[in-house]
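Single-letter residue listing:
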Amino acid sequence: MITIVFRLLFELIQLYTWVVLLACLFSFLIGFGILDPRERIVWKIYNFLSRMTEPLLQPIRNILPPVANIDLSPIALLLLIQYVLCPILGKIYGMMLVGIA
């Protein structure tokens, strides 16, 4: 049961990583004029991606200022997920399997 829960957590983290990457891609495509945000489907997808990512990106933006008008908060979030959250969850999972916790 513990394995299923942690596997689900890791899959959700992987899915959220893809959502952050898609939000960045949509932001670039809209910024360069390739996608038109006035189109309904484009606006709905971008709105969904923004609503999914903004709660975690906004606190990072408050700490990390833009560099040369480039928002580095998605990169910081992805690095935090990859190098902090996943290893911590892995350690917790290992401790629960061994029974140390």
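Residues numbered from 1 in each chain as written. Predicted model: local features only at pLDDT ≥ 70, side-chain atom pairs only at ≥ 80, totals over all residues. Heavy atoms only, no water.

**A short note on the environment of L80**
Working step 1: Here L80 lies in helix α3 (residues 73-98).
Working step 2: Considering only alpha carbons, one finds L80 and I13, 67 residues apart in sequence, at a separation of 11 Å.
Working step 3: Ignoring sequence-local partners within four residues, the contact set of L80 consists of I60 and L85. (Helix = DSSP H or I, 4+ residues; strand = E, 2+ residues; numbered from the N terminus. Contact = heavy atoms within 4.5 Å.)

**Describing unusual backbone geometry**
Working step 1: Even without glycine at this site, A68 takes up a positive phi of about 55 degrees.
Working step 2: Note that A68 resides in the loop between α2 (40-63) and α3.
Working step 3: Phi is positive for N69, which is not a glycine, with a value near 60 degrees.
Working step 4: Turning to its location among the elements, N69 is positioned in the loop between α2 and α3.
Working step 5: Residue N69 is classed as exposed on the basis of its relative accessible area, which comes to 78%. (Buried < 20%, exposed > 50% of the residue type's maximum accessible area, 1.4 Å probe, protein only.)

**Overview of the confidence of the model for the protein**
Regions with low pLDDT should not have their predicted coordinates read in detail.
Working step 1: The share of residues in the protein with pLDDT of 70 or more is 99%, and the mean pLDDT across the chain is 94.
Working step 2: Of all helices and strands in the protein, the one with the weakest mean pLDDT is α3 (94), whereas α2 scores best (96). (pLDDT = per-residue confidence, 0-100.)

**A word on the side chain of T53**
Working step 1: Residue position: T53 is located in helix α2.
Working step 2: Look at T53 and you get buried, because its relative accessible area is 2%.
Working step 3: Residues within four places of T53 in sequence aside, it is in contact with Y16, V19, V20 and A23.

**A few points about the packing of aromatic side chains**
Working step 1: The tally for this structure, following the rule as stated, stands at two aromatic pairs.
Working step 2: With centroids separated by 5.2 Å and ring planes inclined at 45 degrees, the aromatic side chains of F6 and Y93 adopt a geometry described as tilted. Taken together, the positions of F6 in helix α1 (residues 2-31) and Y93 in helix α3 put the pair 87 residues apart, joining distant regions of the chain.
Working step 3: Look at F6 and you get buried, because its relative accessible area is 8%.
Working step 4: Aromatic pair F28 and F32: ring centres 6.5 Å apart, planes at 20 degrees, arrangement stacked. Here F28 and F32 have matching classes, each one exposed. (Phe/Tyr/Trp six-rings, centres within 6.5 Å; stacked < 30°, edge-to-face > 60°.)

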